[in-house]
Amino acid sequence: MTRLAVIGLGLIGGSLARALRAAGRVSHIAAYDRDPEQGRRGLELGVIDRFAGDAASSARDADVVVLAVPVLHTAEAAEAVRAGLSDRTILMDVGSTKVSVLGDITRVFGDLPARFVAAHPIAGTEKSGVAASRSELFRGHRVVLTPHAGQDPGALATVRSLWESVGARVVEMDAACHDAIFAATSHLPHVLAYAFVDMLTRLPNAADIFPNAGGGFRDFTRIASSSPEMWHDIVRANRVEVTGLLERQIGELQELLALMKDERWPELLMRFERARAARERHLSQIE
Ligand code: NAD
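Below, the structure is looked at part by part. (Residues numbered from 1 in each chain as written. Predicted model: local features only at pLDDT ≥ 70, side-chain atom pairs only at ≥ 80, totals over all residues. Heavy atoms only, no water.)

1. Some words on empty space enclosed by the protein
To find leftover empty space, one rolls a probe the size of a water molecule over the atoms. The cut-off we apply is this: Of the two site types, the cavity is a set of points on a 1 Å grid over the protein atoms alone where a 1.4 Å probe fits but cannot get out, and the pocket is an open set with protein on both sides within 12 Å along at least five of seven lines, each lined by residues with an atom within 4 Å of a point. Grid points are joined across faces, edges and corners, and a volume is the space filled by probe spheres set on the points. Each residue is assigned to one of three groups, with Ala, Val, Leu, Ile, Met, Phe, Trp, Tyr, Cys and Pro labelled nonpolar, Asp, Glu, Lys and Arg labelled charged, and all others, Gly among them, labelled polar. Helical segments are the DSSP runs of H or I of at least four residues, strand segments are the runs of E of at least two, and each set is numbered from the N terminus.
The full count for this structure, using the stated rule, is two cavities of 30 Å³ or more. What lines the largest cavity is Leu67, Val69, Thr74, Asp93, Gly95 and Val101. When its residues are assigned to classes, the lining of the largest cavity shows three nonpolar, two polar and one charged. By volume, the second largest cavity is sized at about 30 Å³. As for the second largest cavity, its lining consists of Arg3, Leu4, His28, Ala30, Arg50, Ser58, Arg60, Asp61 and Ala62. Elements represented by at least two residues in the lining of the second largest cavity include exactly β1 (2-7) and β2 (26-32). Here the lining of the second largest cavity is composed, by residue class, of three nonpolar, two polar and four charged.

2. A few points about the layout of surface pockets
Here the second largest pocket defines a volume of roughly 370 Å³. Forming the boundary of the second largest pocket are Gln249, Glu252, Leu256, Arg271, Phe272, Arg274, Ala275, Ala278 and Arg279. At the level of secondary structure, the elements contributing two or more residues to the lining of the second largest pocket comprise α11 (239-261) and α12 (265-282). In terms of residues, the lining of the second largest pocket owes the most to one element, α12, which gives six residues. Taken together, the residues that form the lining of the second largest pocket break down as four nonpolar, one polar and four charged.

3. Re the sheet that holds strand β6 (residues 116-121)
Note the following rule: Two strands form a pair only when DSSP identifies at least two bridges running between them. Any two residues whose heavy atoms approach within 4.5 Å are treated as being in contact. Every axis in this analysis is a line fitted to C-alpha atoms, fitted for helices over the stretch in contact. Angles between the N-to-C directions lie between 0 and 180 degrees.
The strand order across the open sheet formed by eight strands is β3-β2-β1-β4-β5-β6-β7-β8, and the pairing between neighbours is mixed. A single partner strand is all that each edge strand has here, and the edge strands are β3 (50-51) and β8 (169-172). Sheet topology note: the β1/β2 ladder contains six bridges and is parallel. When the sheet's bridge partners are listed, isoleucine 7 is paired in β2 with tyrosine 32. Against the sheet, helix α4 (residues 74-81) engages β1, β4 (64-67) and β5 (90-93), with an angle of about 150 degrees to β4.

Here it is, written out as structure tokens:
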């Protein structure tokens, strides 16, 4: 049984707390969040046992401490929790970018601690806060671990087993490789969804557009309801990968625009067909 501390009691931190409790893996859950309302809701909902007044005291006596804050707050949260960690505490994060997190942890500790394990659950929703947390959030989803050179194998094995106990499938990869992949599958789509909705809101007939939107609009724009702070942090932390892909996407859109203006309809149709075939081919692998 593990004593858990969660720094940043939002959707992911709250869901992990609920899931580990449901799996019978934790004996006590403490938490700290800069927003006391999350602590009050967490206690009320039975997600946590104790809400601490600061990060370090929430981590004292914990076996595993989870940083579940927006990625650009990683350094600040790690610095704040540091005094509460012992030699045997495992520190883990859940951030959506991994190169920036490893860099921030290195800057705070002077080196990457052997018992720091970088993790990214490939599960979530567009909702934020502990009230939206769910114990089943990770079941059937992947969790990517990006072990580092000095990684303690015991800490890695414990983290792997915690995620597996909540129904996740754990994979390991290099941090830079992770950031390139998730820039494509997750970070760029969020940028495009925000940009699309923002462009529509500024059209002269915007007031007529939204009431007439259907299922396709809802599907395509769902992720534009995600936390702007979280996605600002992710795009900023992974800006080289995201801007590279965004430039390619802009080029692709310009090509489509040219095809339409020149009325080269068979070529436009071919591109739509190529995209649909690719999606169908990969659909079974998409969680
Ligand atoms: P969230 O907004 O629901 O929760 C984040 C919490 O962190 C908030 O309650 C906020 O008050 C708190 N916080 C911010 N800075 C803090 C600080 N310095 N000290 C203490 N608390 C602080 O966000 P979330 O969706 O739970 O995301 C948390 C992390 O999980 C992010 O790094 C995100 O990239 C990652 N993640 C999110 C998803 C998703 O779909 N939401 C999926 C995978 C990973």
